[in-house]
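Topology and contacts: notes
Okay, here's what each chain looks like letter by letter:
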Protein chains: 2
Amino acid sequence: MIIAVLGPRGSYSEKAARQWLAENCSEDDQVLEYCDDIQDVFVSLKSGSAKIGITPVENSIEGSVGVTLDMLLEYDIDIIGETVVTIEHCLLSRGKKEDIRIILSHPQGLAQCRQFLKDHFKDAELRTTGSTSHAAKLATEFEEMAAIASRESAEMYDLNIILPNIQDREQNHTRFLIMAGPDYSTNSCQDTIRNSAVPEAKRFFKTSIIVYLDRDRPGALYEILGEFASHGVNLTRIESRPSKRSLGDYVFYIDFEGHINDEIIKEAIYNIESKVGMLKNLGSYPIYKKDHL
Amino acid sequence: MIIAVLGPRGSYSEKAARQWLAENCSEDDQVLEYCDDIQDVFVSLKSGSAKIGITPVENSIEGSVGVTLDMLLEYDIDIIGETVVTIEHCLLSRGKKEDIRIILSHPQGLAQCRQFLKDHFKDAELRTTGSTSHAAKLATEFEEMAAIASRESAEMYDLNIILPNIQDREQNHTRFLIMAGPDYSTNSCQDTIRNSAVPEAKRFFKTSIIVYLDRDRPGALYEILGEFASHGVNLTRIESRPSKRSLGDYVFYIDFEGHINDEIIKEAIYNIESKVGMLKNLGSYPIYKKDHL
């Protein structure tokens with residue numbers, strides 16, 4: 001089974017993939033396909049070249065990954081899982097700290113270390129790359145370059161860890177989505193989940209939807225949240241994103257506890273559908289829970 | 001009066017400043033202070049070196065400007081106005097299209113042209129700068145460099161417009177906040193607003209607040225929106241941002257119609273205060289309205 005992640009080797013997406021597979025798949029015939037950017041993960045799912053795709057969706061310091069949210073609206077995928085990766089950004093280089101003039105990373109990596117960069121490398125040139133591991137790979141070229149990337153990338157690309165743990169807050173976690181393309185139903189991982197020792201009813205599920213409200217109806221968002229509240233459904237996240245039609249016009253990404261097949265959720269969704277301009281169901285999947293979060 | 005904006009000359013923030021001043025200030029003794037980045041605009045307000053600061057807060061394609069939202073929570077400022085600028089990003093260079101290897105812009109500029117860059121400059125190196133005008137200034141150095149910036153920047157830095165209107169959607173608008181520091185009360189612009197020909201009651205105001213909900217109380221967001229709904233207050237925007245404490249913990253930025261001194265708003269806010277962990281009032285200001293939006 002082919003799994004599309006952000007590449008090249010050593011990315012946090014790869015880490016997310018390995019973590020999720022270890023917990024959810026008994027087989028070990030998975031092959032990673034390394035994509036240049038987040039959109040390519042979705043393209044790969046659509047074309048069927050990969051069966052599963054994994055991309056970051058939100059970070060505890062810098063918030064939503066806008067491209068992922070936009071692609072969730074644009075492409076037809078199913079979210080089948082989530083996993084949370086602890087992020088420890090390091091400054092990696094072939095050279096010494098005083099030689100560094102150019103710093104490379106994914107835009108999220110640069111943003112998560114914004115204060116660090118301002119305090120220590122105010123005059124450095126900042127370059128964005130498709131992933132943190134791509135930054136590490138490029139940083140091998142010149143001693144004046146450094147990458148903001150993981151410890152694993154340092155090892156993989158033979159770079160020195162100039163400074164460890166450089167993000168602006170010590171606690172740094174990124175949530176990744178595990179997504180399936182159109183022909184996923186025959187997949188072995190899902191069978192593993194289905195046949196897992198924990199019965200479905202005892203596991204906790206989360207569902208993700210996108211809604212577009214009718215702009216001319218004030219209070220529409222309140223009414224929608226009211227459907228969840230009156231059905232006793234707990235929201236875990238609500239995020240707005242531009243509809244890209246005009247300024248002040250938004251779509252809402254809502255995550256809530258429960259499975260789309262639960263009677264109570266079905267009822268809430270049925271009621272909500274009549275109140276919104278568009279509702280897209282992104283999928284129901286087991287909630288990732290770790291005590292340390 | 002000194003007004004802090006993103007610099008150098010030719011930035012969209014400068015355009016926002018001139019637009020807002022033309023509509024709101026009768027005097028013309030304003031001096032612009034050009035800052036390196038968004039945080040510096042807030043620093044300048046805090047130190048008193050500038051009386052007014054202007055930064056972008058959201059864009060119709062790429063959404064919120066995270067740094068501005070974070071700074072609104074961190075610094076004590078008052079929002080006294082807003083303005084909306086039409087954005088037309090151009091690809092600017094000294095050289096020819098086929099020579100371009102490096103593209104520079106503010107992260108928002110790069111993100112608003114993501115698809116364009118993927119389609120036309122997949123292998124170009126992307127560098128981030130503090131502003132689009134800073135990108136234009138740097139692009140004067142080498143023919144292989146191009147900036148994503150405004151038409152005005154092309155003229156200002158003597159660059160060629162290689163391609164006009166390159167953002168991913170034709171319609172592109174950015175909302176800017178006009179903010180005042182601690183000693184703003186004596187300011188002449190505010191007097192102008194106060195003495196404006198349009199009486200206060202006839203102008204429409206918007207208020208911005210930040211709330212931090214009690215994480216352990218499901219439905220808290222719903223209850224808050226309920227206070228607005230039951231008072232007939234129309235929300236214009238709701239945006240979540242990581243609290244940076246842990247993943248899944250958010251603060252909410254809420255904009256609504258009405259002035260903090262309106263009786264009905266006072267009542268709603270009073271009720272909300274008892275339901276939240278923190279409420280920060282960012283200010284009430286005239287709504288920017290243009291028919292073309």
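Scope of this entry: the structure provided in the associated data block. Owing to the predicted nature of the structure, the values given are computational and were not obtained by experimental measurement.

A look at helix α10 (residues 263–273) of chain B
All names here are of chain B. Buried residues of α10: Ile265, Ala268, Ile269 and Ile272, and no others. Buried residues of α10, seen end-on, are gathered within an arc of 95 degrees and therefore sit on one face of the element. With respect to the buried face of α10, the exposed residues turned more than 90 degrees away are Glu263 and Tyr270. Buried residues belonging to α10 abut β12 (205–212), α9 (220–230), β14 (250–257) and β15 (278–286).

Things to note about the sheet that holds β12 of chain B
Residues and elements named next belong to chain B. The strand order across the open sheet formed by four strands is β13-β14-β12-β15, and the pairing between neighbours is antiparallel. A single partner strand is all that each edge strand has here, and the edge strands are β13 (235–242) and β15. The average undirected angle you get between the axes of adjacent strands in this sheet is 15 degrees. Across seven bridges, the pairing between β13 and β14 is antiparallel. Within β14, the residue paired with Ile238 across the bridge is Ile254.

So, the relation of the copies chain A and chain B
Least-squares fitting of chain A to chain B yields an RMSD of 0.0 Å, with the transformation described by 0.0 Å of translation along the axis and a rotation of 180 degrees. Considering both components of the superposition, the chain copies are consistent with a two-fold axis. Proximity to the rotation axis, assessed at the C-alpha, singles out Arg127 of chain A in chain A; its C-alpha lies 2.0 Å from the axis.

Considerations on the pairing of strand β15 (residues 278–286) of chain A
Residues and elements named next belong to chain A. Of all nine residues that make up β15, seven are buried, and the element is covered over most of its length. Bridge analysis of strand β12 (residues 205–212) against β15 gives eight bridges, and the strand direction is antiparallel. In the strand pairing of β15, Phe205 is matched with Pro286.

Quick look at the nonpolar core
Membership of the largest hydrophobic core comes to 38 residues, with the highest contact counts inside it found for Val211, Phe252 and Ile254 of chain A together with Phe252 and Ile254 of chain B. For this core, the elements supplying multiple residues, two or more each, are β12, α9 (220–230), β14 (250–257) and α10 (263–273) of chain A together with β12, α9, β14 and α10 of chain B. Sequence-distant contacts of Ile254 of chain A, defined by excluding residues within four places in its chain, comprise Thr207, Ser208, Ile209, Val211, Ile224, Phe228, Leu235, Arg237 and Ile238 of chain A.

What counts and what doesn't
Residues numbered from 1 in each chain as written. Chains lettered and ligands numbered in written order. Predicted model: local features only at pLDDT ≥ 70, side-chain atom pairs only at ≥ 80, totals over all residues. Heavy atoms only, no water. Buried < 20%, exposed > 50% of the residue type's maximum accessible area, 1.4 Å probe, protein only. Helix = DSSP H or I, 4+ residues; strand = E, 2+ residues; numbered from the N terminus. Arc of directions from axis to C-beta. Contact = heavy atoms within 4.5 Å. Pairing = 2+ DSSP bridges. Axes fitted to C-alpha atoms, helices over the stretch in contact; angles between N-to-C directions. Least-squares fit on C-alpha atoms with pLDDT ≥ 70 in both. Core = buried A, V, L, I, M, F, W, Y, C linked by side-chain atoms within 4.5 Å.

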